Amino acid sequence: MPPETDNLLLQELYQADQKDREKVYDTAASVAGLKKNAAKRRGLVGEMMSQGQVNTANDLYHAGVIFLHGEEPKDFLTAHRLATLAAIMGHKPARWLTAASLDRFLVTMGQPQIYGTQFEHNGEENRYQLRLPLDDSNVLSFEKRYLNVPAVMDRLIQLNRRI
């Protein structure tokens with residue numbers, strides 16, 4: 001059985017990851033700095049995973065969020081795997097992460113997202129917009145609600161208030 005105690009270093013990395021995402025990055029240099037910090041965190045979390053230090057539902061969720069902020073399809077699949085395990089273990093916020101990580105993976109593979117969780121900043125208009133294409137034609141009527149995925153318009157309002 002895995003330990004019941006959350007990994008405190010992983011929690012600190014997660015908090016730093018979230019703090020980095022509190023603002024809009026509007027220059028190439030600021031985006032490069034964000035990506036550098038995120039890559040360092042992913043490296044540290046990968047080491048923790050290989051050493052058996054990611055065990056609880058909170059650990060899985062925190063690690064999943066850090067991998068969601070990766071750059072390659074394999075990062076997003078890792079985020080999806082970790083989020084799925086956390087959700088199975090009863091971590092409710094991880095449900096949204098399962099949807100977001102799948103959407104992000106699909107988008108990077110040139111496929112339509114299915115849940116509508118991926119947005120992009122339009123620099124010319126200084127606003128966020130849904131990243132297209134979206135194909136939610138096979139999403140079950142209750143699926144987004146179960147996964148805690150907000151309506152696209154609600155999320156756009158929330159994102160654009162940050163600007």
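The structure under discussion appears in the preceding block.
The structure displayed is predicted, hence computed values, not measured ones.

1. Examining the pairing of strand β1 (residues 119-122)
Relative to strand β2 (residues 127-130), β1 runs antiparallel, the two sharing four bridges. Within the sheet, the bridge partner assigned to His121 lies in β2 and is Tyr128. Taken together, β1 and the strand that follows it, β2, pair antiparallel across an intervening segment of four residues, in which Asn126 is found at a positive phi of about 50°.

2. Quick notes on the nonpolar core
Membership of the largest hydrophobic core comes to 20 residues, with the highest contact counts inside it found for Leu10, Val45, Val54, Tyr61, Ala63, Ile66 and Leu97. Mapped by element, the contributors of at least two residues to this core are α1 (8-20), α2 (28-50), α3 (57-68), α4 (73-88) and α5 (93-108). If one sorts the elements of this core by residue count, α3 sits on top with seven residues. Not counting residues within four places of it along the chain, the set of residues in contact with Val54 comprises Leu10, Met48, Met49, Asp59, Leu60 and Ala63. In this structure, Phe119, Tyr128, Leu130 and Leu159 belong to the second largest nonpolar core, which totals six residues.

3. Brief notes about α1
An α-helical turn contains 3.6 residues, so a residue and the one three or four places further along point in the same direction. With 13 residues, α1 extends 18 Å between its outermost C-alpha atoms, agreeing within 8% with the 18 Å of an ideal straight helix rising 1.5 Å per residue. Those residues of α1 that are buried lie in contact with α2 and α3. You can read the cap of α1 off the contacts: a side-chain oxygen lies 3.0 Å from the backbone nitrogen of Leu9, and it is on Asn7.

4. A look at the pattern of salt bridges
Throughout the structure, instances matching the rule amount to seven salt bridges. A salt bridge links Arg42 to Asp75; its shortest N-O distance comes to 3.6 Å. Highlighted residues: Arg42 in helix α2 and Asp75 in helix α4, separated in sequence by 33 residues. For the residue pair Arg42 and Asp75, the accessibility class agrees, reading buried in each case. Taking the shortest distance from any N to any O, the salt bridge between Glu120 and Arg131 comes out at 3.8 Å. Of this pair, Glu120 sits in strand β1 while Arg131 sits in the loop between β2 and α6 (143-146), and the two are 11 residues apart along the sequence. Exposure remark for Glu120: the relative accessible area of 31% places this residue in the partly exposed category. Note on Arg131: relative accessible area 35%, which makes it partly exposed. Here the salt bridges do not stand alone but share partners, grouping Asp17, Asp20, Arg21 and Arg41 into one network.

The rules behind these values
- Throughout, residues of each chain are indexed from 1 in the direction in which the sequence is written.
- This being a predicted model, a pLDDT of at least 70 is required before a residue's local features are given, and a value of 80 or more before pairs of side-chain atoms are given or counted; all residues contribute to the totals for chains, interfaces and linings.
- Hydrogens are left out, water is left out, and the side-chain values use all remaining heavy atoms of the structure.
- Strands pair, by our definition, only if DSSP identifies at least two bridges between them.
- Put simply, DSSP marks the helices as runs of H or I at least four residues long and the strands as runs of E at least two long, and each gets a number from the N terminus on.
- We define the nonpolar core as a collection of buried residues of types Ala, Val, Leu, Ile, Met, Phe, Trp, Tyr and Cys that are connected through side-chain atoms lying within 4.5 Å of one another.
- Burial classification: accessible surface area is computed with a 1.4 Å probe over protein chains only, and a residue below 20% of its type maximum counts as buried, one above 50% as exposed, and the rest as partly exposed.
- The contact definition used throughout considers only heavy atoms, calling two residues in contact when any of these lie within 4.5 Å.
- A helix is expected to span 1.5 Å for every residue after the first.
- Pairs of N or O atoms within 3.5 Å make up the polar contacts considered here, provided that, within protein, one atom can donate a hydrogen while the other can accept it, and that residues adjacent in sequence are counted only when both atoms are side-chain atoms.
- The term salt bridge refers to a side-chain nitrogen of Lys or Arg lying within 4 Å of a carboxyl oxygen of Asp or Glu.

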